[in-house]
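For reference, the chains in residue letters:
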Amino acid sequence: MSNVYLNGFILTLGLIMAIGAQNAHVLRQGLRGEHVLLTVSVSALCDMLLIGVGIAGLGGLFVANPDLMAVARYGGAAFLLWYGGRSLVSALRGGRVMDFAEHKRMSRGQALLAAAGFSLLNPHAYLDTVVLLGSIGSQQADDLRPLFAAGAITASIVWFVLLGYGARLLAPLFAKPVAWRVLDALVALMLWGIAASLLLA
């Protein structure tokens, strides 16, 4: 049973660590010290919702339909290979830095809408949570699905808390382009590993 929880945790952490629009937004808010708790909470709650929807049923539709499952598996692998390739190109090119310039502070309402938008209007968030995690989670035995979901949700919460509140510690590091090159290279390897596991499943 603990393996099911850990599988959900590790798989989700591997997927969520890719620096996409949602993570970049949480990182920026953390670096600026602006509505960090609100941003982290909304991001985690949106992930919980999508993970729950996927495991509860929508992901199961893909498992029950071999054609849909094949589309999800190969489509997901293709996306991860492409995203990993893009990360590798960024690592090789270098020159990427985070913009820490001063800006107008968001209101709480704006911060809430921004966090929800980056979470729910993010195409690959649905691929990660509803399709990939939902499909894998729905293949678990009925009594083990809650454990898989708990592991996935725990990983999401842990990641966003670390990203939002740990961002200040990373500010000097991510002011250097070499840090982005290392991160992009690691993300590329991780995503390609996940893609390989989907194709070989």
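Preceding block: the structure.
This is a predicted model, so every value here is computed, not measured.

Conventions adopted
- Residues numbered from 1 in each chain as written.
- Predicted model: local features only at pLDDT ≥ 70, side-chain atom pairs only at ≥ 80, totals over all residues.
- Heavy atoms only, no water.
- Helix = DSSP H or I, 4+ residues; strand = E, 2+ residues; numbered from the N terminus.
- Buried < 20%, exposed > 50% of the residue type's maximum accessible area, 1.4 Å probe, protein only.
- Contact = heavy atoms within 4.5 Å.
- Expected span 1.5 Å × (residues − 1).
- Bend = angle between axes of the 7 residues up to and from the residue.
- Core = buried A, V, L, I, M, F, W, Y, C linked by side-chain atoms within 4.5 Å.
- 1 Å grid on protein atoms, 1.4 Å probe; cavity = no way out; pocket = protein on both sides within 12 Å on 5 of 7 lines; lining within 4 Å.
- Points joined across faces, edges and corners; volume = space filled by probe spheres on them.
- Nonpolar A, V, L, I, M, F, W, Y, C, P; charged D, E, K, R; others polar.
- Patch = residues over 30% accessible without salt bridge, like charges linked within 9 Å, V, L, I, M, F, W, Y side chains within 5 Å.
- Areas by Shrake-Rupley, 256 points an atom, 1.4 Å probe, with all protein chains shown as cover.
- Salt bridge = Lys/Arg side-chain N within 4 Å of Asp/Glu carboxyl O.

### Observations regarding the overall build of the protein
Then, number 1: What the protein contains, in helices and strands, is eight helices and zero strands.
Then, number 2: In sequence order, the secondary structure elements of the protein are arranged as α-α-α-α-α-α-α-α.
Then, number 3: Looking at the protein residue by residue over its 201 residues, the buried ones come to 44%.
Then, number 4: The contacts of the protein with a sequence gap of at least 6 include a subset with a gap of at least 24, amounting to 87%.

### Details of helix α7 (residues 145-170)
Then, number 1: For α7, which comprises 26 residues, the first-to-last C-alpha distance of 36 Å matches the rise-based estimate of 38 Å (1.5 Å per residue) to within 8%.
Then, number 2: Maximal helix bending in α7 amounts to about 35 degrees, located at Gly-164.
Then, number 3: Among the residues making up α7, those that are buried are Phe-148, Ala-149, Gly-151, Ala-152, Ala-155, Ser-156, Trp-159, Phe-160, Leu-163, Gly-164, Gly-166 and Ala-167.

### Thoughts on the nonpolar core
Then, number 1: Counting residues in each nonpolar core, the largest one holds 21 residues, and the members touching the most others are Leu-80, Leu-132 and Leu-191.
Then, number 2: Residue assignment for this core shows that the elements contributing at least two residues are α1 (2-16), α3 (36-64), α4 (66-93), α6 (123-138), α7 and α8 (177-199).
Then, number 3: Ranked by residue count, the leading element in this core is α8, at five residues.
Then, number 4: Residues Ile-16, Ala-44, Leu-163 and Ala-167 belong to the second largest nonpolar core, which totals 14 residues.

### Examining α1
Then, number 1: Counted at 1.5 Å a residue, the expected span for α1 with its 15 residues is 21 Å, and the 21 Å between its end C-alpha atoms agrees.
Then, number 2: Residues Val-4, Gly-8, Phe-9, Thr-12, Gly-14, Leu-15 and Ile-16 constitute the buried set of α1.

### Some remarks on the layout of surface pockets
In this approach the atoms are scanned with a rolling probe the size of a water molecule, which exposes any empty space left behind.
Then, number 1: Space inside the second largest pocket adds up to approximately 180 Å³.
Then, number 2: If you trace the second largest pocket, you find 10 residues lining it, with Trp-159, Leu-163, Leu-170, Phe-174 and Leu-183 closest to the centre.
Then, number 3: Here the lining of the second largest pocket takes four residues from α7, the largest share from any one element.
Then, number 4: Residues of the lining of the second largest pocket, tallied by class, amount to 10 nonpolar, no polar and no charged.

### A look at a nonpolar patch on the surface
Then, number 1: Side chains of Tyr-74, Leu-81, Val-178, Val-182, Leu-186, Leu-189, Trp-192, Leu-199 and Leu-200 sit close together on the surface and give an oily, nonpolar patch of about 900 Å² of accessible area.
Then, number 2: Looking at the nonpolar patch, the elements with two or more residues in it are α4 and α8.
Then, number 3: Sorting elements by how many residues they give to the nonpolar patch places α8 first, with six residues.
Then, number 4: Looking at the element boundaries, Val-178 is found in helix α8.
Then, number 5: For Val-178, a relative accessible area of 52% puts it in the exposed group.

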